[in-house]
Amino acid sequence: MKTLIVTGGAGFIGSNFLHLLHASRPDWKVVNLDALTYAGNLENLISLEGWKNYEFVRGDIARREDVERAFAAARRFGGPVSVVHFAAESHVDRSIESGLPFVQTNVLGTQVLLDAARAHGVERFVHVSTDEVYGSLGDTGYFTEETPLAPNSPYSASKAASDLLVRAAVHTHGFPALVTRCSNNYGPFQFPEKLVPLMIAKASDGESLPVYGDGKNVRDWLYVVDHCEAILAVLERGRLGETYNIGGHNEYQNIAIVRRLLSELGKPESLIRYVKDRPGHDRRYAIDASKIERELGWKPRYRLEDALPLTIAWYRSRAGWLQRVRSGAYREYLARQYGG
Ligand code: NAD
Ligand code: TYD
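Small disclaimer: the values here were computed from a predicted structure and weren't measured. (Residues numbered from 1 in each chain as written. Chains lettered and ligands numbered in written order. Predicted model: local features only at pLDDT ≥ 70, side-chain atom pairs only at ≥ 80, totals over all residues. Heavy atoms only, no water.)

1. Considerations on the overall build of the protein chain
Counting its regular elements, the protein chain contains twelve helices and 13 strands. For 340 residues, the compact-globule estimate of 2.2 N^0.38 gives 20 Å, and the C-alpha radius of gyration of the protein chain, at 19 Å, lies within 12% of that figure. For the C-alpha atoms alone, the extent of the protein chain along its principal axes is close to 55 × 45 × 35 Å. Within the protein chain, the proportion of its 340 residues that are buried is 56%. Partitioning the contacts of the protein chain with sequence separation of at least 6, the portion at a separation of at least 24 is 82%. Here the protein chain displays about 14,000 Å² of accessible surface, and carbon together with sulfur accounts for 51% of that area. When the 41 positive and 40 negative side-chain charges of the protein chain are each reduced to one mean point, those points stand 2 Å apart. (Helix = DSSP H or I, 4+ residues; strand = E, 2+ residues; numbered from the N terminus. Rg over C-alpha atoms; globule rule 2.2 N^0.38 Å. Buried < 20%, exposed > 50% of the residue type's maximum accessible area, 1.4 Å probe, protein only. Contact = heavy atoms within 4.5 Å. Areas by Shrake-Rupley, 256 points an atom, 1.4 Å probe, with all protein chains shown as cover. Lys, Arg positive; Asp, Glu negative; His and termini not counted. Charge placed at Lys NZ, Arg CZ, Asp CG, Glu CD.)

2. Some points on the packing of aromatic side chains
Evaluation of the coordinates by the stated rule reveals 15 aromatic pairs. With centroids separated by 5.1 Å and ring planes inclined at 85°, the aromatic side chains of Y38 and F191 adopt a geometry described as edge-to-face. Placement of the pair is Y38 in the loop between β2 (29–34) and β3 (54–58) and F191 in the loop between β7 (185–186) and α6 (195–204), with a sequence separation of 153 residues. Every member of this aromatic cluster is reached through a ring pair, and the members are Y186, W221, Y223 and Y302. Its guanidinium or amino end placed over the ring of Y38, R94 lies 3.5 Å from that ring's centre, counting from NZ or CZ. It is K291 that lies over the ring of Y244; its NZ or CZ is 4.9 Å from the centre. (Phe/Tyr/Trp six-rings, centres within 6.5 Å; stacked < 30°, edge-to-face > 60°. Lys NZ or Arg CZ within 6 Å of the ring centre and 35° of its normal.)

3. A few points about helix α4 (residues 100–119)
A rise of 1.5 Å per residue sets the reference length of α4, with its 20 residues, at 28 Å; its end C-alpha atoms lie 27 Å apart and thus fit the reference within 8%. Along its length, α4 reaches its greatest deviation from straightness, about 30°, at G109. Among all positions of α4, only F102, T105, N106, V107, G109, T110, V112, L113, L114, A116 and A117 are buried. Against the buried residues of α4 lie β1 (3–7), α2 (64–77), β4 (81–85), α3 (92–97), β5 (125–130) and α5 (154–173). At the C-terminal side of α4, G121 shows a positive phi close to 65°. (Expected span 1.5 Å × (residues − 1). Bend = angle between axes of the 7 residues up to and from the residue.)

See below:
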């Protein structure tokens with residue numbers, strides 16, 4: 001049995017992680033600390049209703065008093081507390097518009113959380129990071145845990161900064177942290193600003209699909225359930241102070257993903273529209289995940305050929321979810337429920 005604080009549990013990966021815990025570790029006690037930004041959606045967590053070991057705390061990781069409320073809730077559950085830290089501003093295009101919210105949450109917020117976690121003597125702290133901290137690859141090669149950090153976007157720079165703050169806490173204070181760096185995720189509950197759900201939403205509505213640049217940028221795609229299982233393995237069995245890359249050797253050019261989605265959806269390729277490239281667009285990401293496979297016995301269970309259709313089926317069966325998220329209805333609910 002564990003008592004866990006999960007930050008960002010109302011977002012895409014965090015909500016999938018909570019579903020995994022609910023199904024596979026139902027006796028664990030879980031506090032979800034989430035600010036409910038545009039990307040956080042309590043509708044993602046409806047299936048947790050009735051789970052008596054679960055508590056939601058609305059709060060900002062960058063505000064110590066909010067973080068303390070989460071620790072107080074965890075203390076009420078009892079037992080040693082661990083933290084899995086997902087909360088972040090996560091979208092590269094938004095970081096290009098303005099880097100400040102990224103520094104505020106990803107850098108400042110992580111430090112506030114680290115300070116509180118250290119003061120409370122947490123058992124383990126898993127910091128969920130991204131392969132984007134390594135920068136961009138050429139046509140060959142893979143990111144290993146030893147690849148130097150070379151982030152290129154304000155998003156990835158803020159994540160790299162947070163990784164280094166975690167590293168410093170480990171080195172200076174002997175803080176019991178672990179870092180994970182995963183490749184691009186797709187699956188249920190992903191906010192429709194990211195490539196896969198955006199293209200599903202647009203194609204379903206017969207809108208054109210904006211492909212940046214020549215469409216030949218490569219991403220290494222991982223089904224979100226595989227990512228969540230890897231994080232759970234790191235939380236339970238990872239070596240303190242270590243970093244683990246997570247990925248599944250699923251490299252595809254963006255245009256190949258878009259074509260595959262169109263074909264699965266039965267929509268014409270004429271919907272594809274090449275648009276101006278993203279500034280500073282990283283060309284290729286590819287993960288060497290042999291360390292986590294070797295040390296923790298984790299391997300992805302899903303192939304893109306199977307999990308992309310599952311993802312499409314999920315979005316089709318949740319047309320209401322997609323419509324509410326896209327229309328801003330959820331924001332209106334939040335304003336009513338929480339006053340803004
Ligand atoms: P997301 O944007 O879907 O969700 C982020 C969640 O964090 C939301 O629920 C939001 O309300 C919450 N949040 C934001 N700012 C907060 C704050 N100041 N205080 C408390 N909560 C706050 O993100 P995601 O795609 O689920 O990503 C989760 C984590 O995984 C991030 O740290 C991201 O860097 C990392 N990651 C994501 C991917 C990916 O493909 N999406 C890949 C690798 C790593
Ligand atoms: P994204 O989902 O934003 O993830 P990231 O930038 O973190 O990898 O984008 C994935 C890839 O898809 C990336 O190379 C940018 C590209 N892309 C498009 O071509 N069009 C779009 O509308 C979006 C959102 C992304």
